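Remarks on the overall topology
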Amino acid sequence: MSGSSFDPRVVLRPRSVDETIDLTIAYLREHHRDFWRLFAVLSLVQLTLLVAHFLAFGLPDGAGGGTRMAIAYFMMNLAERVWTVFAGRHLFRTQVTVRDAIKGAMKSAGPAVG
């Protein structure tokens, strides 16, 4: 079944916490460049949005500070979804780009926040 879209890099079965951590570290050690690229893009986007808001509205006082907190909370939530989409597709050997992961996360975002 190697030609199917379901071709995991690891065997799916119940695992202990120790096994899970060992597999995660081994996987990240082998594919660290892909995940660093994702980290760099997400960090740059988040930093750019927060700095742009700071430059546009000044120091965090009153509603401006609350708006920045809302932006940070939204970006944190979106980043978590992007990481999940990227890692899941990467693990199952689906060709994935950072852009595809962001699009997939935005589609699954729905009305839920947090």
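Check the entry above for the structure.
What comes next concerns the included structure. (Residues numbered from 1 in each chain as written. Predicted model: local features only at pLDDT ≥ 70, side-chain atom pairs only at ≥ 80, totals over all residues. Heavy atoms only, no water.)

Section: the pattern of salt bridges
The following threshold applies: The term salt bridge refers to a side-chain nitrogen of Lys or Arg lying within 4 Å of a carboxyl oxygen of Asp or Glu. Throughout, exposure labels follow a simple rule: accessible area from a 1.4 Å probe, protein chains only, divided by the maximum for the residue type, with under 20% read as buried, over 50% as exposed, and the rest as partly exposed. For the purposes of this entry, the term helix denotes a DSSP run of H or I that reaches at least four residues, the term strand denotes a run of E that reaches at least two, and both are numbered from the N terminus.
With the rule as written, the count across this model stands at 2 salt bridges. Close ionic contact of R13 with E19 constitutes a salt bridge, the shortest N to O distance being 3.1 Å. Judged by its relative accessible area of 30%, E19 falls in the partly exposed class. The partner of D34 in a salt bridge is R37, with the nearest N and O atoms 3.4 Å apart. Here D34 and its partner R37 are both found in helix α2 (residues 32–57), 3 residues apart, which amounts to about one turn of the helix. On the basis of relative accessibility, which here comes to 48%, the residue R37 falls in the partly exposed class.

Observations concerning α2
We apply this condition: To estimate how far a helix should reach, multiply one less than its number of residues by 1.5 Å.
Its 26 residues give α2 an end-to-end C-alpha distance of 37 Å, which sits within 8% of 38 Å, the value for a rise of 1.5 Å per residue. Those residues of α2 lying buried are F35, L38, L42 and H53.

Quick notes on the environment of M69
Here M69 shows up in helix α3 (residues 63–91). For the pair M69 and L50, spaced 19 residues apart in sequence, the C-alpha to C-alpha distance is 9.3 Å.

Focus: the packing of aromatic side chains
Defined as follows: Any two rings among Phe, Tyr and Trp, with Trp reduced to its six-membered ring, count as a pair given centres within 6.5 Å; such a pair is stacked if its planes are under 30 degrees apart, edge-to-face if over 60, and tilted if neither.
Evaluation of the coordinates by the stated rule reveals 4 aromatic pairs. Ring centres 5.5 Å apart and planes at 85° place the aromatic pair W36 and F39 in the edge-to-face group. Residue W36 and its partner F39 are located together in helix α2, separated by 3 residues, close to a single helical turn. Residue W36 is classed as exposed on the basis of its relative accessible area of 55%. We classify F39 as partly exposed; its relative accessible area is 42%. Joined through ring pairs, the aromatic side chains of Y27, F35, W83 and F86 make up one cluster.

Interpretation note: all reported values are geometric properties and have no functional meaning in isolation.
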